[in-house]
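Okay, here's what each chain looks like letter by letter:
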Amino acid sequence: MRRWIWLSVVAAFAIAYPLLLSSPFQQRLGALVLLYAIAASAWNIVGGYAGQVSVGHVVFFGCGAYAAMGSYAKFGLSPLFGIPSGIVIAVGLAAIVGVPTLRLSGHYFSMATIAVAETMRLIVTNTDWLGAAVGLSGPTVPRNIFDLSFLSSLPYYYLFLLVLVITLFITWWMTNSRMGFYLRAIKDSERAARSLGAPASRTKLYAYMLSAALTSVSGALYAMMFGFVDPESGLGILISVKILIMAALGGAGLLFGPLVGAAILVPLEEISNSWLGGKGAGLTFVVYGAIIVLIARFQPGGLLSLFTQRRKSKSDTGAGHAP
Amino acid sequence: MSFVLVQVIVGGLLLGAVYALFSSGLTLVWGMMNIVNFAHGDFVMLGMYVAYVVYTLMGGGPLLGAPLATLVLATVGVVVYFALIRDIMKGPMLAQILGTFGLALLLRYSVFWWFGANFLSMPPDIVGGTYAFAGLRIEASRLLAGVVALLVTLGLHLLLTRTSLGSKMLAVAEDQTAAQLMGIRPDTMQAIAWAIAAGATGLAGALIANFFYIVPTVGETLGIVAFVTVSLGGFGSVPGALVAGLLIGVIESLSGYLIGAIYKDIVVYVLFLLFLWFRPQGLMGKI
């Protein structure tokens, strides 16, 4: 019951936020928080629930971003076409990368994802058809509403909110399905799960593909809001890092962890950038690095795990059984 | 075979020896503690900046810069071990990857903040001119880097296989509890391993700083090179890292010469992925 009250308070705040705090800066900030929350929630499916730390998730983000801008710049279509086509490309790529690497132990998977992302960035940077180092632009003047090119951040805010709700619902549904149980078993002990008949490789691959599809949607939405994509903003390894840190700060493997992480880190970055100007770019990542080191060292479960730990220990003593 | 090709291969071998040197640091901690240091390339970057600072502040060449960089990085290694690695080693894998990855960001962007994103370089004649023998032209700085790196890597191998310190470290890698019962402190041995691993990156960084571009993000590329080398050579194997490092140096130079400079990184990354997929135990390792 408490849970539902909290949920409705958060939902009501999320819907009312751009009307309560209505300056362009605040609306843009809200939209960005939601956008990164979508990407981090998508990462959470494979990084948090499946326990496979992908450091190259930006490659799927880039699939969506390039598909959205490519639909417009190359075929004159609405950037919205980038969502389905980006999903197809991202899922295909996830299968190609995932089938061989998900068999390996976790470190290898992390390294392979970095190498894939960097390879893609270098290839795209040298491909003229994809705009090379300059990148691709979206519509400068919208032809109709389906170009999704708005001056105000308000429409983006509600669009992102809708997608975030869908993403969280899919995640929630997945954790309560057979796949979620498999994933939890695999994360605890892959060998034990396999010996009890859980299809470990296949389940991890499905999680990776689902995560890739949702990440690609976040990339497409990003490109629509900013109206362009280039190799740094669409495929730079730092985007992966941001996504990963948000999920880990809030709590990897917890439904609302990525949202909490994004709600803390995005305002931090925007404010430090607007205070420090260009010099802030380096400093922001110094702070990011320090935050991850501290989380890894002292609270590997993320901030939200503080609450779940407390609740668990309470219910343990309440039930009155010795461990 | 044309002279140019020989020239390219020799250049690749000399650079490859430096790759072997810093990769043997990565393979040492990986093989001993089963932890992957995602900040390894950034350690090399720090070594380069130490050499650069030594040159700009004191006018010292590699004779002063290289030992100092080794010492500074070895200290960094020990500090990192006690402050971070010792605790995250026991934690979940997410914590291990996040911990060293966060360290990489912290180092990379602290340097970025302090020195800026500009490409720095040392004067071309800091070591000496260019030698010519038998039609080959070799820069003294590259020759120095290659030869020193080769000797130190071989020395590292001897240290691990022929001395009592090496045996103690091996014992800790095999079985911590058993080693402890024999009166070996795992903590000390692992801290020494981190000092050696980081010291090797410091030396390698100071050596390539004489002819490489110096930029805060160079660690990212070098880190991937180290992963490729270790996965090719088999984790935990210094001789494997040596062979793989030389091989990668040659492949990189050849593909840069034959296909184009922008593609040499792509070739190395693709090679890495192919190896991960088809032969994750490396050329010489076994799983």
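The residue count restarts for each chain, going from 1 along the sequence in the order it is written. Here every chain gets a letter starting at A, and every ligand a number starting at 1, in the order they are written. Totals for whole chains, interfaces and linings use every residue, but because this is a predicted model, local features are given only for residues with pLDDT of at least 70 and side-chain atom pairs only at 80 or more, for both listing and counting.

A. Summary view of the interface of chain B and chain A. Across the contact, 33 residues belong to chain B and 36 residues belong to chain A. Strands are runs of DSSP state E lasting at least 2 residues, helices are runs of H or I lasting at least 4, and numbering of each runs from the N terminus. Every element with two or more residues in the side of chain B that touches chain A is listed here: α3 (62-88), α4 (93-115), α9 (218-233) and α11 (264-278) of chain B. With 15 residues, α4 of chain B is the largest single contributor of residues to the side of chain B that touches chain A. What counts as a contact is two residues whose backbone-derived C-beta atoms lie within 7 Å of each other.

B. Inspection of the pairing of strand β2 (residues 136-139) of chain B at higher detail. Only when DSSP finds a minimum of two bridges between them are two strands counted as paired. Note: strand β1 (residues 130-133) of chain B against β2 of chain B, four bridges, orientation antiparallel. Note on β2 of chain B: the bridge partner recorded for Y131 of chain B is I138 of chain B.

C. Up close: unusual backbone geometry. Unusually for a residue other than glycine, A132 of chain A sits at a positive phi of about 45°. Assignment of secondary structure puts A132 of chain A in the loop between α5 (106-125) and β1 (136-137). Although it is not a glycine, N34 of chain B sits at a positive phi angle of roughly 55°. With respect to the helices and strands, N34 of chain B occurs in the loop between α1 (3-33) and α2 (40-58). Counting other C-beta atoms within 10 Å of its own, a residue is labelled buried from 20 upward, exposed at 12 or fewer, and partly exposed in the gap between, with every C-beta atom placed from the backbone. Given 14 C-beta atoms within a 10 Å radius, N34 of chain B is considered partly exposed.

D. Just α4 of chain B, in detail. Residue and element names in this part refer to chain B. One less than the residue count of a helix, multiplied by 1.5 Å, gives the span that helix is expected to have. The first and last C-alpha atoms of α4 sit 33 Å apart over 23 residues, in line with the 33 Å expected at 1.5 Å per residue. Of all 23 residues in α4, 18 are buried; the element is thus mostly enclosed. Taken from the residues just after α4, G116 is the one with a positive phi, measuring 80°.

Don't take any of this as a statement about function, it's just geometry.
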